[in-house]
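Read off the chains here:
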Amino acid sequence: KQEVTQIPAALSVPEGENLVLNCSFTDSAIYNLQWFRQDPGKGLTSLLLIQSSQREQTSGRLNASLDKSSGRSTLYIAASQPGDSATYLCAVRPADSNYQLIWGAGTKLIIKP
Amino acid sequence: SQTIHQWPATLVQPVGSPLSLECTVEGTSNPNLYWYRQAAGRGLQLLFYSVGIGQISSEVPQNLSASRPQDRQFILSSKKLLLSDSGFYLCAWGVESYNEQFFGPGTRLTVL
């Protein structure tokens, strides 16, 4: 059974630092992995989608990597800003599913001015 | 461009009352549609998904139901709400061939 874990559950760093958020999954048979951002009381915003055949995706200051064999993905945020404060969630789509996403519980990120 | 709407944004209902939450998508056709619930401090739980009009699959047995009367409309309902139905309800859409999911703004439901 696929399980997704995000560690740490919470992270607080000063503004300007580069940081890495981690996502691990137990079954390497995935179709893709998606990173989301959620602001308090709001819906989820899709940040990056990595297909199983890809190693990384970049969008602005964000870079997501995928190592399927080791069951890991990282979200790298460069030059962090207070506006990056949010909860970041990762979700994997199992290779044998057309619809299902398996979710991590998220990392709550606080960027201190 | 595609947009997804949910309403109401917040709702406070007494135990035993009915529920109807609505989700509509614009700018795409024949999307997969999803209802999720997010309880405080917990991850997302998939409640229902739909691959077409009138086609609903349930993931979790409960007192909730879903319907898709039109291609881009997805409705979450209950005849009698329970305290445990409180939570943040999110609607999402996706395209099967790519399966990136896009979320609506959510509805905060409090059952008293």
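Everything quoted here is computed from the prediction, not taken from an experiment. (Residues numbered from 1 in each chain as written. Chains lettered and ligands numbered in written order. Predicted model: local features only at pLDDT ≥ 70, side-chain atom pairs only at ≥ 80, totals over all residues. Heavy atoms only, no water.)

Peer 1: Which residues make up the interface of chain B and chain A, and what are the values?
Peer 2: Reports often express the size of an interface as the amount of accessible area lost when the parts come together. Between chain B and chain A, the residue contacts involve 22 residues of the former and 19 residues of the latter. Counting the surface lost from both chain B and chain A, the interface buries some 1,600 Å², and carbon and sulfur atoms represent 51% of this. The tally of links from chain B across to chain A stands at 0 salt bridges. Along the contact surface separating chain B from chain A lie 6 residue pairs in polar contact (both at pLDDT 80 or more). Taken together, the elements giving at least two residues each to the side of chain B that touches chain A come down to β4 (32-38), β5 (44-52), β9 (87-94) and β10 (101-103) of chain B. With 4 residues, β4(B) is the single largest residue contributor to the side of chain B that touches chain A. Class assignment for the residues of the side of chain B that touches chain A results in 11 nonpolar, 7 polar and 4 charged. (Contact = heavy atoms within 4.5 Å. Buried area = accessible area lost by both parts, 1.4 Å probe. Salt bridge = Lys/Arg side-chain N within 4 Å of Asp/Glu carboxyl O. Polar contact = N/O pair within 3.5 Å; in protein donor to acceptor, adjacent residues only side chain to side chain. Helix = DSSP H or I, 4+ residues; strand = E, 2+ residues; numbered from the N terminus. Nonpolar A, V, L, I, M, F, W, Y, C, P; charged D, E, K, R; others polar.)

Peer 1: If you had to explain the side chain of Ser73(A) to someone new, which residues and values would you point to?
Peer 2: Residue and element names in this part refer to chain A. For Ser73, the position within the fold is in strand β8 (residues 72-77). In this structure Ser73 comes out as buried when scored by relative accessible area, which is 1%. Not counting residues within four places of it along the chain, the set of residues in contact with Ser73 comprises Leu21, Asn22, Cys23, Phe25, Leu33, Trp35, Ile50, Ser65 and Leu66. (Buried < 20%, exposed > 50% of the residue type's maximum accessible area, 1.4 Å probe, protein only.)

Peer 1: Account for the environment of Leu19(A), naming residues and giving values.
Peer 2: Residues and elements named next belong to chain A. Counting through the fold element by element, Leu19 comes out in strand β3 (residues 19-25). Separated by 59 residues in the primary sequence, Leu19 and Ala78 have C-alpha atoms spaced 6.6 Å apart. Contact partners of Leu19, with chain neighbours within four places excluded, come to Leu11, Val13, Leu75, Tyr76, Ile77, Ser80, Leu109 and Ile111.

Peer 1: Please set out the nonpolar core residue by residue, giving values where relevant.
Peer 2: Formed by 24 residues in total, the largest nonpolar core has its most connected members in Leu33(A), Trp35(A), Leu75(A) and Tyr88(A). Those elements giving two or more residues to this core turn out to be β3, β4 (30-38), β5 (44-51), β7 (62-67), β8, β9 (86-94) and β11 (107-112) of chain A. Counting 20 residues, the second largest nonpolar core, distinct from the first, contains Cys23(B), Trp35(B), Phe48(B) and Ala66(B). (Core = buried A, V, L, I, M, F, W, Y, C linked by side-chain atoms within 4.5 Å.)

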